[in-house]
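Analysis of the macromolecular model
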Amino acid sequence: MASLKPLWLSVGPLSERLRRADTLYLGLDFDGTLAPLVADPRETVLPIRAREVLQRLSQQPALRLGLLSSRTLDDLRQRAGLERVFLSGSSGLETRSESGKSATHFGSLQGLPTPLLRELESWCRRFPGAWLEPRPGSCALHFRAVAPALQPAFGAGVRRRIRPHQPQITLVHGLTKFEVTPADGWDKAAALEHWLETATSESLILYFGDDTRDEPAHAAIRRRGGIAVAVDRVVSAAEYALPASSDVIWFLEWLDREWGQRGVPPLAAKEGLLQPSSA
């Protein structure tokens, strides 16, 4: 993989691409991308500035907004608090269209075997700070609060318990958790492709993500000629990078202004002539 390019150094060419596009598809991961990572993901709060700029973007003409998360669909919807946006939960296994139609994509396995879930939950109880989160058709094994010295042993035990169930089961090692999913179920890339079915050659596609589960989405976006941005990652299938979720919010505020000024002569936009007269 080539070195990631700082996104802020490419806003000039990006501004030109925005002006040429007839539609903007903006896809965003949630934890670590829009909201900072915390020790307990149940305590995650979307920053006020992030909520405000997402609300404005969701109302922009010819802009389609999508949130794709490893959280369950219900959890994501509640924390985002947005309507008329595409949502994908459980790392692609659940989707909700802009019109509100929900669907699941578990594959032929239709979920995880109950004995496996019980075994994984028992393993988590042996490590203070670890816990199993059941999800529709899948589960997550959280280890962020486990003592760093114990995390390798925890991970080795998880892999040992998953191995007899492969290749029907997929295990992904993320920044703060393991995700266990049916191997032929959807991932974030599949959910993205589903959302982008109506995109045209004149559409511009952007995707921002920070975790292992976002890597297939980054690759899919680049194959489509879009802009893939990795957040707080050194190595990624993305082309561009931002240092932290706070930088994502700054960029979204810039994007909101740029998209709203499409078609305005550059000098007028620069001088603020887009604003209505107070007379």
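Structure's up top.
Please read these numbers as outputs of a predicted model, since none were measured by experiment.

**A few points about helix 2 (residues 48–58)**
Burial in helix 2 covers these residues: A50, V53, L54, L57 and S58. Projection of helix 2 onto a plane perpendicular to its axis shows the buried side chains occupying an angular sector of 135°, all on one side. Looking at the buried side of helix 2, the elements it contacts are strand 2 (23–28), strand 3 (63–68) and helix 8 (245–260).

**Some thoughts on the layout of surface pockets**
Here the largest pocket defines a volume of roughly 310 Å³. Every element with two or more residues in the lining of the largest pocket is listed here: helix 3 (73–80), strand 7 (131–135) and strand 10 (177–182). Counting residues per element, the lining of the largest pocket draws most heavily on strand 7, at 3 residues. Taken together, the residues of the lining of the largest pocket break down into 6 nonpolar, 5 polar and 15 charged. Approximately 210 Å³ is the volume found for the second largest pocket. What lines the second largest pocket is a set of 13 residues, among which R17, S201, E202, S203 and L204 lie closest to the centre. Sorting the residues of the lining of the second largest pocket by element identifies helix 1 (11–20) and strand 11 (203–209) as the ones contributing at least two each. A per-element tally of the lining of the second largest pocket places strand 11 first, with 3 residues. Looking at the lining of the second largest pocket residue by residue, the classes come out as 4 nonpolar, 5 polar and 4 charged.

**Remarks on the environment of L109**
Within the secondary structure, L109 sits in the loop between strand 6 (102–104) and helix 4 (114–124). Taking the C-alpha atoms as reference points, L109 and G92, 17 residues apart in sequence, are found 15 Å from one another. Apart from residues no more than four positions distant in its own chain, L109 is found in contact with Q168, I169, P182 and D184.

**Some remarks on the sheet that holds strand 7**
Read from one edge of the open sheet, 4 strands run 7-8-10-9, paired in antiparallel fashion. One side of each edge strand has no neighbouring strand; the edge strands of this open sheet are strand 7 and strand 9 (169–173). Neighbour to neighbour, the strand axes of the sheet diverge by 20° on average, direction disregarded. Pairing analysis gives 5 bridges linking strand 9 to strand 10, with the strands arranged antiparallel. Bridge pairing links H173 to F178 in strand 10. Of the strands in this sheet, strand 7, strand 8 (138–142) and strand 10 touch helix 4, which is tilted by about 150° from strand 7.

**Concerning the pattern of salt bridges**
Inspection of every chain in the model, using the stated rule, returns 18 salt bridges. In this structure, K5 engages E239 in a salt bridge whose closest nitrogen and oxygen atoms are separated by 2.8 Å. Of the two residues, K5 is situated in strand 1 (residues 5–6) and E239 in the loop between strand 12 (227–231) and strand 13 (240–242); the sequence distance between them amounts to 234 residues. For R71, the salt bridge is made with D31, and the minimal N-O distance between the two is 2.7 Å. Here D31 lies in the loop between strand 2 and helix 2 and R71 lies in the loop between strand 3 and helix 3, a separation of 40 residues in the sequence. Comparing R71 with D31, the two get one shared label, buried.

What counts and how
Residues numbered from 1 in each chain as written. Predicted model: local features only at pLDDT ≥ 70, side-chain atom pairs only at ≥ 80, totals over all residues. Heavy atoms only, no water. Buried < 20%, exposed > 50% of the residue type's maximum accessible area, 1.4 Å probe, protein only. Helix = DSSP H or I, 4+ residues; strand = E, 2+ residues; numbered from the N terminus. Arc of directions from axis to C-beta. Contact = heavy atoms within 4.5 Å. 1 Å grid on protein atoms, 1.4 Å probe; cavity = no way out; pocket = protein on both sides within 12 Å on 5 of 7 lines; lining within 4 Å. Points joined across faces, edges and corners; volume = space filled by probe spheres on them. Nonpolar A, V, L, I, M, F, W, Y, C, P; charged D, E, K, R; others polar. Pairing = 2+ DSSP bridges. Axes fitted to C-alpha atoms, helices over the stretch in contact; angles between N-to-C directions. Salt bridge = Lys/Arg side-chain N within 4 Å of Asp/Glu carboxyl O.

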